[in-house]
Amino acid sequence: MTITLNGEEKQVPNNVTITGLLAFLNIQRQRVAVELNLEIVKKDAYDTTDVKEGDSLEIVSFMSGGT
Amino acid sequence: MSVDKLVIAGIEFNSRLWVGTGKYKDFAETKRAVEISGTDVVTVAVRRVNIIDRSKENLLDYIDPKKYKILPNTAGCYTAKDAIRTAMLAVEAGITNWVKLEVLGDEKTLFPDNEALLEAAKVLVKEGLIVLPYTSDDPIMARKLVDIGCPAVMPLAAPIGSGLGIRNPYNIKIILETVKTPVIVDAGVGTASDVALAMELGCDAVLLNTAIAGAKDPIAMAEAMKYGVLAGRLAYKAGRIPKKLYATASSPLDGMIGS
């Protein structure tokens, strides 16, 4: 299925949870935050939150940055 | 050589120099500069994860969150809404509930939009975050930010990355007299004497990035900044002599020959 991931269209497996999607993308869950259709998904809900066709996701983490 | 400790929201800090992690050549240089600066607070940005290339290293592989207080910022946000969203994501990422709140008003000056800043700060304080706001050197705004629950304020010395040093030391002085919280000068310092001046005024800490990362030798400048902060704080605590227009002799007049 197609979702919008960090602003770009991306093909991902059907019927996937946030946990499954992070595994598919090879992203460690510890230091990221996930926003699904503008709502923050709590880490303890990753296993039970489904990602659907057309969803918009943001996955962010800490990067080098100024003051 | 050590100085008195800085305490914000019940957390004790050894260093009064806080540093950003932007603009370095690579993570190795970032790490060395951070280490030599003696800081224990490091600011980071919150950005999209690189989905395409997962082989890239992460900043936090070099800057250990167990060793340093990681302070996420909302740099680049121009609305209260974006700043709130970024700050809440930063908290959810799971390292800290502290945020350096920044809402910019203008791309040319990167001056804060104080109205939006206050609005965002109110929301985030209610959400339980420890909000450290980057603000203009405006004593009234500083007071308002403290009144709504910010445990420190961070007035700018000069525009971000400008290296101009403290443009209005008198306003910084008034902010220091206006609020009872720590005051951390944030942005615009250029070299060690700028940092020393901020500390001599009585500021509690200085946060900087470009002044170190943009120096010809960032590692040497990181060390210079460390001593700038120490010298400034010690001089502030020591209490300087008053400025006078005319000379006061430092050698005794008694016992002069021919007298």
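Just so you know, the residues in each chain are numbered from 1, in the order the chain's sequence is written. Chain A is the first chain written and ligand 1 is the first ligand written, with later ones labelled in order. Only residues with pLDDT of at least 70 are given local features in this predicted model, and only at 80 or more are side-chain atom pairs given and counted; all residues enter the totals for whole chains, interfaces and linings. Water and hydrogen atoms play no part in the side-chain values, which are based on all heavy atoms of the structure.

### Concerning the overall build of chain B
When helices and strands are counted, chain B shows eight helices and 10 strands. Taken over C-alpha atoms, the radius of gyration is set against a globule rule of 2.2 Å times the number of residues to the power 0.38. Computed over C-alpha atoms, the radius of gyration of chain B comes to 20 Å, within 12% of the 18 Å expected from 2.2 N^0.38 for 259 residues, which places it in the range of a compact globule. The classification of residues rests on relative accessible area computed with a 1.4 Å probe and restricted to protein chains. Under 20% of the type maximum is buried, over 50% is exposed, and intermediate values are partly exposed. The buried share of chain B, taken over its 259 residues, is 50%. When the accessible surface of chain B is split by element, carbon and sulfur atoms take 53% of a total near 12,600 Å². Only four residue types enter the charge count, namely Lys and Arg as positive and Asp and Glu as negative; His and the chain termini do not. To locate a charge, take atom NZ for lysine, CZ for arginine, CG for aspartate or CD for glutamate. Distance between charge centroids for chain B: 1 Å, based on 31 positive and 30 negative side chains. Only DSSP runs of H or I reaching four residues or more are called helices, and only runs of E reaching two or more are called strands; each is numbered from the N terminus. Note on areas: Shrake-Rupley, 1.4 Å probe, and residue coverage restricted to the protein chains presented here.

### Thoughts on the overall build of chain A
Along the backbone of chain A there are one helix and seven strands. Mapped from its N terminus to its C terminus, chain A presents α and β elements in the order β-β-β-α-β-β-β-β. Computed over its C-alpha atoms, the radius of gyration of chain A comes to 12 Å, within 12% of the 11 Å expected for a compact globule of 67 residues. Each of the three principal axes of chain A carries a C-alpha extent, and together these read 40 × 25 × 20 Å. With the model as given, the accessible surface of chain A reaches about 3,500 Å², and the carbon-plus-sulfur share is 47%. Of the side chains in chain A, 6 bear a positive and 10 a negative charge, and the two mean positions are spaced by 10 Å.

### Some details on the pairing of strand 4 (residues 41–48) of chain B
In terms of residue burial, strand 4 of chain B counts as a mostly covered element, since six of its eight residues are buried. Where strand 7 (residues 56–64) of chain A meets strand 4 of chain B, five bridges bridge the pair, whose relative direction is antiparallel. The partner of Ser64(A) across the bridge, within strand 4 of chain B, is Val44(B). Any two strands are treated as partners once DSSP identifies two or more bridges connecting them. With two bridges connecting them, strand 3 (residues 17–20) of chain B and strand 4 of chain B associate as parallel partners.

### Some points on the layout of surface pockets
Put simply, the grid is 1 Å and covers the protein atoms alone, a cavity is a trapped set of points that fit a 1.4 Å probe, a pocket is an open set with protein on both sides within 12 Å along at least five of seven lines, and lining residues have an atom within 4 Å of a point. Grid points are joined across faces, edges and corners, and a volume is the space filled by probe spheres set on the points. Roughly 420 Å³ of volume is contained in the largest pocket. Taken together, 19 residues make up the lining of the largest pocket; nearest its centre are Ser61(A), Arg54(B), Lys56(B), Glu57(B) and Asn58(B). The biggest single contributor to the lining of the largest pocket is strand 7 of chain A, with four residues. Ten residue types, Ala, Val, Leu, Ile, Met, Phe, Trp, Tyr, Cys and Pro, are classed as nonpolar, four, Asp, Glu, Lys and Arg, as charged, and the remainder, Gly among them, as polar. Each residue belonging to the lining of the largest pocket can be placed in one class, and the counts come to seven nonpolar, six polar and six charged.

### Here's the deal with the sheet that holds strand 8 (residues 154–155) of chain B
All names here are of chain B. Across the sheet, three strands lie side by side as 6-7-8; this open sheet has parallel pairing. Each of the sheet's edge strands pairs with one partner strand only, and the pair in question is strand 6 (98–101) and strand 8. Here four bridges tie strand 6 to strand 7 (residues 130–135), and the two strands are oriented parallel to one another. For Trp98, the partnering residue across the bridge sits in strand 7 and is Ile130.

### Here's the deal with the pairing of strand 7 of chain B
All names here are of chain B. Counting buried positions along strand 7 yields six of six residues, so the element is predominantly enclosed. In strand 7, alternate side chains face the same way, and those of Ile130, Leu132 and Tyr134 on one face and Val131, Pro133 and Thr135 on the other are all buried. Here strand 7 pairs with strand 8 via two bridges, running parallel. Among the inter-strand pairings, Thr135 is bridged to a residue of strand 8, identified as Pro155. For the segment spanning strand 7, helix 4 (residues 139–147) and strand 8, crossover handedness is right-handed. Think of it like this: strands point away, you trace from the first strand over the helix to the second, and a clockwise trace means the crossover is right-handed.

### Section: the nonpolar core
Val185(B), Leu208(B), Ile212(B) and Met225(B) are the most contacted members of the largest nonpolar core, which totals 66 residues. Not counting the four nearest positions on each side in its chain, Ile212(B) is found in contact with Val19(B), Tyr24(B), Ala33(B), Pro218(B), Met221(B), Ala222(B) and Met225(B). Put simply, buried Ala, Val, Leu, Ile, Met, Phe, Trp, Tyr and Cys residues joined by side-chain atoms within 4.5 Å make one nonpolar core. Residues Met1(A), Ile3(A), Tyr46(A) and Ile59(A) belong to the second largest nonpolar core, which totals 20 residues. Note on contacts: a residue pair is in contact if any heavy atoms of the two residues lie within 4.5 Å.

### Re the state of the cysteines
Residues and elements named next belong to chain B. Put simply, a disulfide is two cysteine sulfurs that come within 2.5 Å. Under the counting rule described, the total for this entry stands at zero disulfides over all chains. The thiol sulfur of Cys150 is not disulfide-bonded, and the nearest other cysteine sulfur, from Cys77, lies at 16 Å. Taking relative accessible area as the criterion, Cys150 reaches 3% and is therefore assigned buried. Here Cys203 stays unpaired: no disulfide links it, and the sulfur of Cys150, its closest cysteine neighbor, is 17 Å away.

### Looking at the confidence of the model for chain B
As a per-residue quantity, pLDDT reports the predictor's confidence and falls between 0 and 100. Per-residue confidence for chain B averages 95 on the pLDDT scale, and 99% of its residues sit at or above 70. This prediction of the complex comes with two scores: 0.93 for pTM and 0.94 for ipTM.

### Some details on helix 6 (residues 192–201) of chain B
All names here are of chain B. Most of helix 6 is tucked away, with seven of its 10 residues classed as buried. By the burial criterion, the buried members of helix 6 are Ala192, Asp194, Val195, Ala196, Ala198, Met199 and Leu201. Residues of helix 6 that are buried sit in contact with helix 5 (169–178), strand 9 (184–186), strand 10 (205–208) and helix 8 (218–238). Once helix 6 ends, the next one or two residues include Gly202, with phi positive near 110°.

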